[in-house]
Amino acid sequence: TRPAGFGLPGPTLLAPAPGTHSSPSPGFLRPRQAGYRRAGDTWCRADGSRRPPPSARFRVSWSPYSGYDEEAYSAEPLPELCYKADVQAFSRAFQPSVSLAVAALGLAGNGLVLATHLAARRAVRSPTSAHLLQLALADLLLALTLPFAAAGALQGWSLGSATCRAISGLYSASFHAGFLFLACISADRYVAIARALPAGPRPSAPGRAHVVSAIVWLLSLLLALPALLFSQDGQREGQRRCRLIFPEGLTQTVKGASAVAQVVLGFALPLGVMAACYALLGRTLLAARGPERRRALRVVVALVAAFVVLQLPYSLALLLDTADLLAARERSCPASKRKDLALLVTGGLALARCGLNPVLYAFLGLRFRQDLRRLLRSGSCSPGPRPRGRCPRRPRLSSCSAPTETHSVSSWDY
Amino acid sequence: MQTAAALLTLSLLILWTSPALGGANDAEDCCLSVTQRPIPGNIVRAFHYLLIKDGCRVPAVVFTTLRGHQLCAPPDQPWVDRIIRRLQKNTAKNKRHSS
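About the thresholds
- Residues numbered from 1 in each chain as written.
- Chains lettered and ligands numbered in written order.
- Predicted model: local features only at pLDDT ≥ 70, side-chain atom pairs only at ≥ 80, totals over all residues.
- Heavy atoms only, no water.
- Core = buried A, V, L, I, M, F, W, Y, C linked by side-chain atoms within 4.5 Å.
- Buried < 20%, exposed > 50% of the residue type's maximum accessible area, 1.4 Å probe, protein only.
- Helix = DSSP H or I, 4+ residues; strand = E, 2+ residues; numbered from the N terminus.
- Contact = heavy atoms within 4.5 Å.
- Phe/Tyr/Trp six-rings, centres within 6.5 Å; stacked < 30°, edge-to-face > 60°.
- Axes fitted to C-alpha atoms, helices over the stretch in contact; angles between N-to-C directions.
- Left-handed = near helix turned anticlockwise from the far one by under 90°.
- Nonpolar A, V, L, I, M, F, W, Y, C, P; charged D, E, K, R; others polar.
- pLDDT = per-residue confidence, 0-100.
- Patch = residues over 30% accessible without salt bridge, like charges linked within 9 Å, V, L, I, M, F, W, Y side chains within 5 Å.
- Areas by Shrake-Rupley, 256 points an atom, 1.4 Å probe, with all protein chains shown as cover.
- Salt bridge = Lys/Arg side-chain N within 4 Å of Asp/Glu carboxyl O.
- Lys, Arg positive; Asp, Glu negative; His and termini not counted.
- Charge placed at Lys NZ, Arg CZ, Asp CG, Glu CD.

Structural notes on the nonpolar core
Then, in step 1: Grouped together as the largest cluster of nonpolar side chains are 27 residues, with contacts concentrated most on Leu-135, Phe-181, Met-274, Tyr-278, Leu-285 and Tyr-361 of chain A.
Then, in step 2: Considering every element that reaches this core, the biggest residue donor is helix H4 (residues 160-196) of chain A, with 9 residues.
Then, in step 3: Look past the residues within four positions of Phe-181 of chain A in its chain and what remains in contact with it is His-131, Gln-134, Leu-135, Ser-213, Val-216 and Trp-217 of chain A.
Then, in step 4: One finds Leu-78 of chain A together with Ile-39, Tyr-49 and Phe-63 of chain B within the second-largest nonpolar core, a separate group that totals 16 residues.

Below you can see the structure in the form of structure tokens.
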């Protein structure tokens, strides 16, 4: 099981000094049932530093040194423990800095999105703007958990098991919600453009976007259940860390059901919806004409490029990792470390995508920029000295002749 | 059959790839594989466990040899249990001697 949760490597490698002599704990006799930990109490020394094991005592020692020569025994190298101190050192520097950077970006960007929306006091008009608001909320919650992750990586988890569960659950729920809302937005955008076509569907009921949002949050909470239930702060290498470890007593049915739900609802569904909607959208936009077409296309290209550059490497690295796991392929220690490094770096990129969502989805929108301008002018437009006397509305594209273009453009400013 | 395999693959993918907090996995010190050939007990001076709950994929007993190598052994083999029992007995004896 890949440990999720605050899976951040500990700072100290426990290298037992040759002279240490610790007694076995009572849990030793049933080590697989007892909570067996590696730190401190786990080193069992059979012999003192000088005394050889009894069975070896009567061996004729003819070699210049001890005579207990494992290399003489093993013709081929035996599998050894793979120490990853260098990867862990890199991770200790990399993960907190990425977490804190994304947290700062996410808090500022998404906070701004929410603030402008609240300041504008405009009723949520389109489903897209409703879902953008929810996306900002999800990313804001995600950004709130990241400082905890950074602190946990830097100095160990000190907040207890309940907080570990709550933070991990919040992280998991907001991560899934973000992904699902991205899919909702892509669907909204496609529907908005399809509706602008002469034979498009009729506008839907205004409350439906909220129902969809509620369903998405419910779904996200469901997907976060494993993290919510099974996260624990365990000790490893002398440091407490918060991470997700499935209990070994869990039945395969429960695990299987949870896994299938995660696959279908948390990954395949949003990814499929996004791919289909942006493909259809791109095709529609390419077929359209007019000056605003290029702008709309640019936004789509930016979104898809960001997704490909930031998310895809991580997905590919995970795929490779999982293929290894399923094939039970044994990697050498250097290869395993390279893989860990790749997962670490691409994981940082995937996290950066969450921080960049406001830039990609909200800031590129014209209506958001209008609202921001209004917010900066402290909410007052009409009494201002501006000659126009009212808030600058997005100009209707009266110059455009084709109704398709007019509407398709209006679907881009939220 | 193929659908089931694909579904299983996907399930496992997600189970193991559900986003780790911090965006990356933790590079734990773990055994990547375990030896199937028995290790002679007389070259072992200590042992400890590295199990699934320690964040390792391959549960293992790590034997520290007299020369300081850390060898990975399967935790469910009789020969491994024998070595562990002997190490524990010796430790108890040592303790009695030293106290």
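This is not the end of the story, as more comes after the structure.
A few points about the packing of aromatic side chains
Then, in step 1: Evaluated as defined, the whole model comprises 4 aromatic pairs over all chains.
Then, in step 2: Arranged with centres 6.2 Å apart and planes meeting at 25 degrees, the rings of Tyr-171 of chain A and Phe-175 of chain A form a pair that is stacked. In this pair, Tyr-171 of chain A and Phe-175 of chain A both sit in helix H4, 4 residues apart, roughly one turn of the helix. For the pair Tyr-171 of chain A and Phe-175 of chain A, a shared accessibility class is recorded, and that class is buried.
Then, in step 3: Here Phe-47 of chain B and Tyr-49 of chain B contribute two aromatic rings whose centre-to-centre distance is 5.8 Å and whose plane-to-plane angle is 80 degrees, an arrangement assigned as edge-to-face.
Then, in step 4: Here Phe-47 of chain B falls in the buried class, since its relative accessible area comes to 0%.
Then, in step 5: Taking the relative accessible area as the measure of exposure, Tyr-49 of chain B reaches 2% and is therefore buried.

Remarks on the packing of H4 of chain A against helix H9 (residues 333-363) of chain A
Residues and elements named next belong to chain A.
Then, in step 1: Where H4 contacts H9, the axes come no closer than 12 Å and their chain directions differ by 35 degrees. Between H4 and H9 the crossing geometry is left-handed. Here H4 contributes Tyr-171, Phe-175, Leu-182, Ile-185 and Arg-189 to the contact with H9, which in turn contributes Leu-351, Arg-353, Cys-354, Asn-357 and Tyr-361.
Then, in step 2: Across the contact of H4 with H9, the residue classes tally to 7 nonpolar, 1 polar and 2 charged.

Some remarks on the confidence of the model for chain B
Then, in step 1: Per-residue confidence for chain B averages 77 on the pLDDT scale, and 72% of its residues sit at or above 70.
Then, in step 2: Mean pLDDT in chain B bottoms out at helix H1 (residues 2-17) of chain B, which sits at 50, and peaks at strand S4 (residues 70-73) of chain B, which reaches 94.

Quick look at a positive patch on the surface
All names here are of chain B.
Then, in step 1: Judged by side-chain charge, Arg-82, Arg-85, Lys-89, Lys-93 and Arg-96 come together as a positively charged surface patch.
Then, in step 2: Considering the arrangement of structural elements, one finds Lys-89 in helix H2 (residues 78-98).
Then, in step 3: Assessed through its relative accessible area of 56%, Lys-89 is described here as exposed.

Some points on the side chain of His-131 of chain A
All names here are of chain A.
Then, in step 1: Topologically, His-131 is positioned in helix H3 (residues 127-155).
Then, in step 2: Its relative accessible area of 2% is what places His-131 among the buried residues.
Then, in step 3: If near-sequence neighbours (up to four positions away) are discounted, His-131 is found in contact with Phe-181, Cys-184, Ile-185, Asp-188, Ala-209, Val-212 and Ser-213.

A look at the environment of Asp-139 of chain A
Residue and element names in this part refer to chain A.
Then, in step 1: By secondary structure assignment, the location of Asp-139 is in helix H3.
Then, in step 2: Spatially, the C-alpha atoms of Asp-139 and Asn-110 are 6.8 Å apart, while their sequence positions differ by 29 residues.
Then, in step 3: In this structure Asp-139 touches Asn-110, Cys-354 and Asn-357, once residues within four positions along its chain are discounted.

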